[in-house]
Amino acid sequence: MTTDLTKGNPIRLLIFFSLPLLAGNIFQQFYSMADAIIVGRFVGAKALAAVGCTGSINFFILGAAVGIAGGFCIIVSQRFGAKDEDGLRRAVAISVELSAISSVSIMLLSVIFAVPLLQVMQTPEDIFHDAYMYIVIIFWGIPGTVFYNLFSGILRSVGDSRTPLFFLALASVGNIVLDFVFVLFFQMGPAGAAVATIVSQTLSGIACLIFIFKKFAFLIPKKSDWKFDPALAASLMRLGLPSALSNSVCAIGTMAMQGVVNSFGSDIVAGYTAGTKIESLAVQPCFAFSTALSTFVAQNVGARKMERVRKGTHDCLKLMVGCAALGWVVAHFFGASLVGVFLENPTEEVVAASALYLNWVGVFIFALGVLLTYRCSISGMGNANIPMLSGAVELAMRVPVAFLTSGFLGFVSVCLCGPAAWVGAAIMLGIAYYRIEQSTAARLSVHA
C-alpha cells in the first residue's frame, strides 16, 4: 500500500509513517545486538570486544554502501510525488544498475584492506583474529545489504513503510536462530555471528524484491528503462555519492574514537561496545522520524508544495523533544543494568565504562535529533552536499576531542566525542537549512 504524503496533516503523517520505520530500526539493531548478546554471553567478554571493536569499521564501509542506495531513493520519492511513472521506473532501473556496480566494488576493496584497517584501529592482539574473521565475512555480504536497503528504500519512497518492517522482522528472527546455530552448535564464535547476519540480510532483500514484483507493478522497469541513461545516472550519483561520503566521513570520527577505546584494553572495549548498543536503541525514535521526514519532504518537493515542507520540518523538531526525553531516560536510568544483557558476569570496569558513556550521551540526544531533522529535510530537497559537509563537521569535532583530551581525561574523552559532534553539526545544518529551503522554493516557483 502506497501513502501520498503530499496531503493531510504533516505531524500525523510523520507519526504514523514513522512507526513502522521505528519498529524496523529496532529490528535492524537486533542484527548487531543479537550478535553481541549471543557472542558475549556464550563465548565471553573478549569475543564481545572482537565484535564491538569492528563497529566503526563496519559503519565506515557499510555506511558508504547504504548511503549510496539511500541517496538514490530521494529521486524515486520525488518522481513518485510528481506522479511521473515513466521517470519513476527509469530511476529504479538505473538505481539497481549503479547499486550492483558500487556494492561489488566496495566489497572487494573492503576485503583487501580489512587487515590494515584493524591495525590502524589499534585492535588489541588478543582479539585481532576474531575481529578479522567477523568483519571480513560482513564485508562479503555487502551486496546483499545494499540491495536490501535499496529495495526497502524504494518501497518507503512510494509510501510503504510497513512491508520492509515485515521482512526485516522475519530476518531478525532468522538472524537470532542462525546465531545460535553457528555460534553454539558449530562453535564458530564471532565468525558464526557474521555468517548469520549476512544470510539474514540477504534473504530480507530477496523477499522485498519478490514483493515489489508481485504488488507494485508500476515500479517494475520495462525493457527500455534498463538502457543506461548517463544524465539520470549522474543525477542519482549526485545524491548517492555525497550521501555515501557523508556516512563514511562520520564513520572516520567513530573510528578515531574506537582507536582511542582500543588503547584502554579489552574490558573497556567490551563496556564501550555494550554502551553503544544501548545508545543505538535509545536514539532509534530520532532516526525513525527523520527518515520519515526525508520521504515526506522529497514527495512534497516533487509536488511543489514547499509550505508543507516547512511545516513538516518544524513538526519533526517538535517530535524530537519527546524522542530526546525518552532516550535520556533509557540511557540514564537503565543503561548500567542493561549491560547484563550482553555479558553474564560483567566486571565492575565493564559496567562502569558503559554507564559513564551512556550518562554523557543521554544528555545530548536532542542535539542529535536536531541534526537528523535538518539533515534529512535538506536531503529530501535534493541537496546532498550540505549533509556531506555536516559529516565533515562531525569529524572535525570528534577527532580533536578523542586525541587531544584522552591523555588527561581518559575514557571520558570518548564519551564527549559524540555530543561535541552532534552540537557542532546541528548548528551548521540549522543555518544551512533556511537558506536551502528558500532557494528550493524560489527554484520550484520559477519552474512552476
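The structure we're discussing is the one just above.
My aim in this report is to walk through the structure given alongside it, one point at a time. Because the structure is predicted, anything quoted here is derived from the model rather than measured.

**Some points on the overall build of the protein**
So, step 1. What the protein contains, in helices and strands, is 17 helices and 0 strands.
So, step 2. For the protein, the C-alpha radius of gyration of 21 Å lies close to 22 Å, the compact-globule estimate for 448 residues.
So, step 3. Seen along its three principal axes, the alpha-carbon backbone of the protein occupies a region of about 65 × 45 × 35 Å.
So, step 4. The buried share among the 448 residues of the protein stands at 59%.
So, step 5. For the protein, restricting intrachain contacts to residue pairs at least 6 apart in sequence, the fraction spanning at least 24 positions comes to 86%.
So, step 6. Total accessible area on the protein is roughly 17,600 Å²; 69% of this is exposed by carbon and sulfur atoms.
So, step 7. Positive and negative charge centroids in the protein, built from 27 and 22 side chains respectively, lie 14 Å apart.

**Quick word on the side chain of threonine 6**
So, step 1. In this structure, threonine 6 sits in the segment before helix 1 (10–42).
So, step 2. Of the residues examined, threonine 6 reaches a relative accessible area of 4% and is grouped as buried.
So, step 3. Sequence-distant contacts of threonine 6, that is, excluding residues within four places in its chain, are made with Gln299, Asn300, Ala303, Lys305 and Arg308.

**Some thoughts on the environment of threonine 273**
So, step 1. Its location among the elements puts threonine 273 in helix 11 (residues 266–282).
So, step 2. Between the alpha carbons of threonine 273 and threonine 54 there is a distance of 9.8 Å; along the sequence they are 219 residues apart.
So, step 3. When neighbours within four sequence positions are excluded, threonine 273 is seen to be in contact with Leu48, Gly52 and Cys53.

**Observations concerning the pattern of salt bridges**
Should their charged atoms come close, side chains of opposite charge can pair.
So, step 1. In this structure the tally under the stated criterion is 8 salt bridges.
So, step 2. Here aspartate 225 and arginine 89 are joined by a salt bridge, their closest N and O atoms 3.1 Å apart. Taken as a pair, aspartate 225 in the loop between helix 9 (190–215) and helix 10 (230–262) and arginine 89 in helix 4 (residues 85–112) lie far apart in primary sequence, 136 residues in all.
So, step 3. What you see here is one network of salt bridges that share partners, running through Asp86, Arg89 and Asp225.

**What about the layout of surface pockets?**
So, step 1. Of the volumes computed, that of the largest pocket is approximately 570 Å³.
So, step 2. Around the largest pocket sit 21 residues that line it, and Gln78, Val301, Met381, Gly382 and Arg443 are the ones nearest its centre.
So, step 3. Where the lining of the largest pocket is concerned, the elements lending two or more residues are helix 3 (55–81), helix 10, helix 12 (284–302) and helix 17 (412–446).
So, step 4. Of the residues that constitute the lining of the largest pocket, the class distribution is 8 nonpolar, 9 polar and 4 charged.

**Focus on the packing of aromatic side chains**
So, step 1. For the structure on display, the rule yields 14 aromatic pairs.
So, step 2. Arranged with centres 6.4 Å apart and planes meeting at 85°, the rings of tyrosine 272 and phenylalanine 411 form a pair that is edge-to-face. Placement of the pair is tyrosine 272 in helix 11 and phenylalanine 411 in the loop between helix 16 (385–409) and helix 17, with a sequence separation of 139 residues.
So, step 3. The interplanar angle of 80° and the centroid separation of 4.9 Å between the aromatic rings of tyrosine 433 and tyrosine 434 together place this pair among those described as edge-to-face.

**Let's talk about the nonpolar core**
One recurring pattern in soluble globular proteins: nonpolar side chains tend to sit buried together.
So, step 1. Counting 139 residues, the largest nonpolar core has Ile142, Leu150, Met381 and Phe411 as the members making the most contacts within it.
So, step 2. Counting residues per element, this core draws most heavily on helix 17, at 14 residues.
So, step 3. Once you skip the residues sitting within four places of it in the chain, methionine 381 turns out to touch Gln78, Val297, Val301, Met306, Val309, Tyr433, Ile436, Glu437, Thr440 and Arg443.

**Structural notes on the packing of helix 3 against helix 6 (residues 128–140)**
So, step 1. Closest axis-to-axis distance for the helix 3/helix 6 pair is 11 Å, and the angle between their directions is 15°. Judged by the inter-axis angle, helix 3 sits roughly parallel to helix 6. Taken as a pair, helix 3 and helix 6 cross one another with a handedness that is right-handed. Taken together, the residues of helix 6 that come into contact with helix 3 (itself represented by Ile57, Asn58, Ile61 and Leu62) are Ile135, Ile138 and Phe139.
So, step 2. Its residues placed into classes, the contact of helix 3 with helix 6 shows 6 nonpolar, 1 polar and no charged.

**Notes on helix 12**
So, step 1. Taking 1.5 Å of rise per residue, 19 residues should cover 27 Å, and helix 12 covers 27 Å from first to last C-alpha, within 8% of that figure.
So, step 2. Along helix 12, 16 of the 19 residues are buried, which leaves the element largely enclosed by surrounding structure.
So, step 3. Note on helix 12: the residue one or two positions beyond its end, arginine 304, has a positive phi of about 60°.

**Considering a nonpolar patch on the surface**
So, step 1. A cluster of nonpolar side chains, contributed by Trp328, Val329, Phe333, Phe334, Leu338 and Val363, occupies part of the molecular surface with about 540 Å² of accessible area.
So, step 2. At 5 residues, helix 13 (residues 306–342) tops the list of elements feeding residues into the nonpolar patch.
So, step 3. You can see valine 363 is positioned in helix 14 (residues 348–363).
So, step 4. Residue valine 363 is classed as exposed on the basis of its relative accessible area, which comes to 55%.

Scoring rules and cut-offs
Residues numbered from 1 in each chain as written. Predicted model: local features only at pLDDT ≥ 70, side-chain atom pairs only at ≥ 80, totals over all residues. Heavy atoms only, no water. Helix = DSSP H or I, 4+ residues; strand = E, 2+ residues; numbered from the N terminus. Rg over C-alpha atoms; globule rule 2.2 N^0.38 Å. Buried < 20%, exposed > 50% of the residue type's maximum accessible area, 1.4 Å probe, protein only. Contact = heavy atoms within 4.5 Å. Areas by Shrake-Rupley, 256 points an atom, 1.4 Å probe, with all protein chains shown as cover. Lys, Arg positive; Asp, Glu negative; His and termini not counted. Charge placed at Lys NZ, Arg CZ, Asp CG, Glu CD. Salt bridge = Lys/Arg side-chain N within 4 Å of Asp/Glu carboxyl O. 1 Å grid on protein atoms, 1.4 Å probe; cavity = no way out; pocket = protein on both sides within 12 Å on 5 of 7 lines; lining within 4 Å. Points joined across faces, edges and corners; volume = space filled by probe spheres on them. Nonpolar A, V, L, I, M, F, W, Y, C, P; charged D, E, K, R; others polar. Phe/Tyr/Trp six-rings, centres within 6.5 Å; stacked < 30°, edge-to-face > 60°. Core = buried A, V, L, I, M, F, W, Y, C linked by side-chain atoms within 4.5 Å. Axes fitted to C-alpha atoms, helices over the stretch in contact; angles between N-to-C directions. Parallel < 35°, antiparallel > 145°, perpendicular 65-115°, else oblique. Left-handed = near helix turned anticlockwise from the far one by under 90°. Expected span 1.5 Å × (residues − 1). Patch = residues over 30% accessible without salt bridge, like charges linked within 9 Å, V, L, I, M, F, W, Y side chains within 5 Å.

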